[in-house]
Amino acid sequence: AADLARSKDPDPDILAYESGAFVLAARWAMANKQSPAAAFAAAERALARAEQLDASTGFVIGARFDLERWKAEALVDAGRDPASALARARTAVTKASETDHGSPAIHFWLGQLAAVEARSLAQATSRDAIARRTAAEQTARTELAAAVAGNRFYQPHADELLAGL
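Okay, so let's go over this structure. (Residues numbered from 1 in each chain as written. Predicted model: local features only at pLDDT ≥ 70, side-chain atom pairs only at ≥ 80, totals over all residues. Heavy atoms only, no water.)

## Regarding the packing of aromatic side chains
The description of an aromatic ring pair rests on the distance of the ring centres and on the angle between the ring planes. Heads up, the rule is: Aromatic pairing here means that ring centres of Phe, Tyr or Trp (its six-membered ring) are within 6.5 Å. Orientation follows from the plane angle: under 30 degrees is stacked, over 60 is edge-to-face, and everything else is tilted. In this text, helices come from DSSP runs of H or I with a minimum length of four residues, and strands from runs of E with a minimum of two, each type numbered from the N-terminal end. Throughout, exposure labels follow a simple rule: accessible area from a 1.4 Å probe, protein chains only, divided by the maximum for the residue type, with under 20% read as buried, over 50% as exposed, and the rest as partly exposed. The criterion is that NZ of a Lys, or CZ of an Arg, lies within 6 Å of the ring centre and within 35 degrees of the ring normal, and then a charge sits over that ring.
For the structure shown, the criterion picks out three aromatic pairs. Ring geometry for Tyr17 and Phe59: centres 5.2 Å apart, planes at 50°, overall tilted. Residue Tyr17 is found in helix H2 (residues 12–31), and its partner Phe59 is found in helix H4 (residues 58–77); the two are separated by 42 residues along the sequence. Exposure remark for Tyr17: the relative accessible area of 48% places this residue in the partly exposed category. Note on Phe108 and Tyr154: the rings are 4.3 Å apart at their centroids and 15° apart in plane angle, and the pair reads as stacked. With Phe108 in helix H6 (residues 104–120) and Tyr154 in the loop between helix H7 (127–150) and helix H8 (155–163), this pair connects stretches of sequence that are 46 residues apart. The two residues Phe108 and Tyr154 agree in class, both being buried. Positioned above the aromatic ring of Trp70, the side-chain terminus of Arg69 is 4.0 Å from the ring centre.

## Observations regarding the side chain of Ser103
How we decide: Nitrogen and oxygen atoms within 3.5 Å of one another constitute a polar contact, given that in protein one can donate a hydrogen and the other can accept it, and given that sequence-neighbouring residues count only through two side-chain atoms.
Residue position: Ser103 is located in the loop between helix H5 (83–97) and H6. At 3.0 Å, the side chain of Ser103 and the backbone nitrogen of Ala105 are in polar contact.

## Section: the environment of Ala50
Condition: Contacts: residue pairs with any heavy atoms within 4.5 Å of one another.
Checked against the element boundaries, Ala50 lands in helix H3 (residues 37–54). Residue classification places Ala50 among the buried positions, given a relative accessible area of 0%. On a C-alpha basis, the gap between Ala50 and Pro10 in space is 8.4 Å, while along the polypeptide they are 40 residues apart. Leave out the neighbours within four places in its chain, and Ala50 touches Pro12, Leu15, Ala16, Ala55 and Val60.

Printed below as a string of structure tokens:
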């Protein structure tokens, strides 16, 4: 962190890693029933600086996905609408897929987002919301199956996500 503060031209990937460390701290806070807000804010600051330098690197795009995916999880846990965080995460997936066509990681990311969306609609009662939940569950199943087919090491994570549907 001190080196980053002194550097006039830091590497955006290092800043993306720093953002990832703050996302990990936010996840720890969530798991321990504490507020992840401060950690998310720190992650956002590091990532904003990385994106100013070069928003096109795989590490920076991946860090944006991770930050928005876990913000969406936190919103769902708080009973709030995760739509804006999910939209930003999907934008990151779109950017990544421009250079990483058909990657199992792209399918895994899309499956994760669909699972979060489905979970956010678990208490839905309107016909439209129930239809959206059903579509999100199907998308999660399809994308996670494609991810596992391409990389079997996604299996335990996919199983955990599917169990939450």
